[in-house]
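# What the coordinates show
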Amino acid sequence: MGKFNINHFICRSDNYGVIISDKNSGLTASIDAPDAEIIDQELKRNDLKLTHLFITHKHLDHIEGIEYLKDKYGCTVIGPEKEKDEIPLLDITVIDEEYIDFSGSPIKIIATPGHTLGHIIYHFEQDNLLFAGDTLFLMGCGRVFEGTHRQMFESLEKIKKLSPDTTIYCGHEYSLANAKFVASILPDNNNIKKRLHEIELLRNKNKHTLPTLLNDELKTNLFLMSDNPSLKKKLDMSDATEEEIFSELRTKKDNF
Ligand SMILES: [Zn+2]
């Protein structure tokens, strides 16, 4: 396996905490800070000291633990320049396409406006890892709270272009509800049927469904499948643009 250990756990009700640490250097980052107490417990359990916090966006369920963790570990807090006034204790702010270094691994910042206007995701290029916050979920995408459907569509297009073997960690465990929605739109698609079944089995045992692989999302996440002919037909939108298909799906999901 790669150079990193990744520890993945549920906090609050359905947020994911993710801790990534370099096996050699010991440098350790948490993606977002949903719950300081649980993140701290996980750090202690694995004998790790937090050196970095990578923040994806300003929502309280992603930043509430920053103050405690910064105070306890003196970690470097990195987050989006566009939300710097709404995220506490940022040491470094970053913009689209900027690179930062984590333990010798280049991380590309990708701006993904839509869920919030300043939302960013962290792409560990060499390691094929993506921390997608609330932009992409397993078989779903984030609600569009601040941006436009066009912005969210374009943000997801950026993710689609990454290597299909990218492993993706997301901000929430929403997979079952997402899979049910997707199956309601394309009930006869075998990839979707199979995945819904797998997710049901996992969730019945209260197990995590994440991380996911981009390749699996390309086959089962309708929000990345706007060019799929059977989807267009099903929505009765054969002449529509991909962006229009995306927008229709997002609206349907909001009302599902
Ligand atoms: Zn959010």
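A few points on the structure. (Residues numbered from 1 in each chain as written. Predicted model: local features only at pLDDT ≥ 70, side-chain atom pairs only at ≥ 80, totals over all residues. Heavy atoms only, no water.)

### Considerations on the sheet that holds strand β7 (residues 99–102)
Sheets are built from strands that pair by backbone hydrogen bonding, the pairs being arranged parallel or antiparallel. Put simply, the rule is: Only when DSSP finds a minimum of two bridges between them are two strands counted as paired. Here a helix means four or more residues in a row that DSSP labels H or I, a strand means two or more in a row labelled E, and each is numbered from the N terminus.
Taken together, six strands build an open sheet; the order of strands is β7-β8-β9-β10-β13-β14 and the sheet is mixed. In this open sheet, the two strands that pair with only one neighbour each are β7 and β14 (212–213). In terms of strand pairing, strand β9 (residues 120–124) meets strand β10 (residues 129–131) through three bridges, oriented antiparallel. Bridge pairing in β10 links Tyr 122 to Phe 131.

### Points about the coordination of the zinc ion
Spelled out, the test is: Think of the donor list as every N, O and S atom within 2.8 Å of the metal, or within 3.2 Å for Na, K and Ca; water never makes the list, so a site can look incomplete. For the exposure calls, accessible area comes from a 1.4 Å probe over protein chains only, and a residue counts as buried if that area is under 20% of its type's maximum, exposed if over 50%, partly exposed in between.
Protein coordination of the zinc ion is provided by His 57 (NE2), His 59 (ND1), His 115 (NE2) and Asp 134 (OD), with donor distances spanning 2.2 to 2.4 Å. Spacing between the donor residues of the zinc ion along their common chain follows H-x1-H-x55-H-x18-D. Remark: His 115 occurs in the loop between β8 (105–111) and β9 and His 57 occurs in the loop between β4 (52–54) and α2 (60–63); sequence separation between them is 58 residues. Look at His 57 and you get buried, because its relative accessible area is 0%. Owing to a relative accessible area of 4%, His 115 belongs among the buried residues under this scheme.

### A few points about the packing of helix α4 (residues 149–160) against helix α9 (residues 242–254)
Cut-off, in case you're wondering: Every axis in this analysis is a line fitted to C-alpha atoms, fitted for helices over the stretch in contact. Angles between the N-to-C directions lie between 0 and 180 degrees. By definition in this entry, angles of less than 35 degrees are roughly parallel, angles greater than 145 are roughly antiparallel, angles of 65 to 115 are roughly perpendicular, and the rest are oblique. What makes two residues a contact is simply this: any of their non-hydrogen atoms within 4.5 Å.
Between α4 and α9, the shortest axis-to-axis distance is 10 Å and the interhelical angle comes to 110°. Judged on the interaxial angle alone, α9 and α4 are roughly perpendicular. Between α4 and α9, the contacting residues are His 149, Arg 150, Met 152, Phe 153, Leu 156, Glu 157 and Lys 160 on the first element and Glu 242, Glu 243, Phe 246, Ser 247, Arg 250 and Thr 251 on the second.

### Some remarks on the state of the cysteines
Put simply, the test is: Two cysteine sulfur atoms form a disulfide, by the criterion used here, when they sit within 2.5 Å.
This structure, assessed with the given rule, holds zero disulfides. With no disulfide of its own, Cys 11 has Cys 170 as its nearest cysteine by sulfur position, at a separation of 14 Å. Among the residues examined, Cys 11 registers a relative accessible area of 0% and is labelled buried. Here Cys 170 is not disulfide-linked; the sulfur of Cys 141 is the nearest cysteine sulfur, at 11 Å.

### Digging into the side chain of Asn 228
Let me state the cut-off plainly: Any pair of N or O atoms that falls within 3.5 Å is considered a polar contact. Within protein, one atom must be able to donate a hydrogen and the other to accept it, and sequence-neighbouring residues count only if both atoms are side-chain atoms.
Along the chain, Asn 228 turns up in the loop between α7 (214–220) and α8 (229–234). In this structure the side chain of Asn 228 is engaged in a polar contact, spanning 3.0 Å, whose partner is the backbone nitrogen of Leu 231.

### Looking at the nonpolar core
The condition that has to hold: What is meant by a nonpolar core is a set of buried Ala, Val, Leu, Ile, Met, Phe, Trp, Tyr and Cys residues, joined one to another through side-chain atoms within 4.5 Å.
Judged by nonpolar contacts, the single largest core of 40 residues is most densely connected at Leu 156, Leu 222, Leu 231 and Leu 249. Of all the elements in the fold, those that place two or more residues in this core are β11 (136–137), α4, α5 (175–185), α6 (190–204) and α9. For Leu 156, the contacting residues outside a window of four places in its chain are Thr 135, Leu 136, Cys 141, Phe 223, Leu 224 and Phe 246. Ile 39, Leu 43, Ile 55 and Cys 75 belong to the second largest nonpolar core, which has 19 residues in total.

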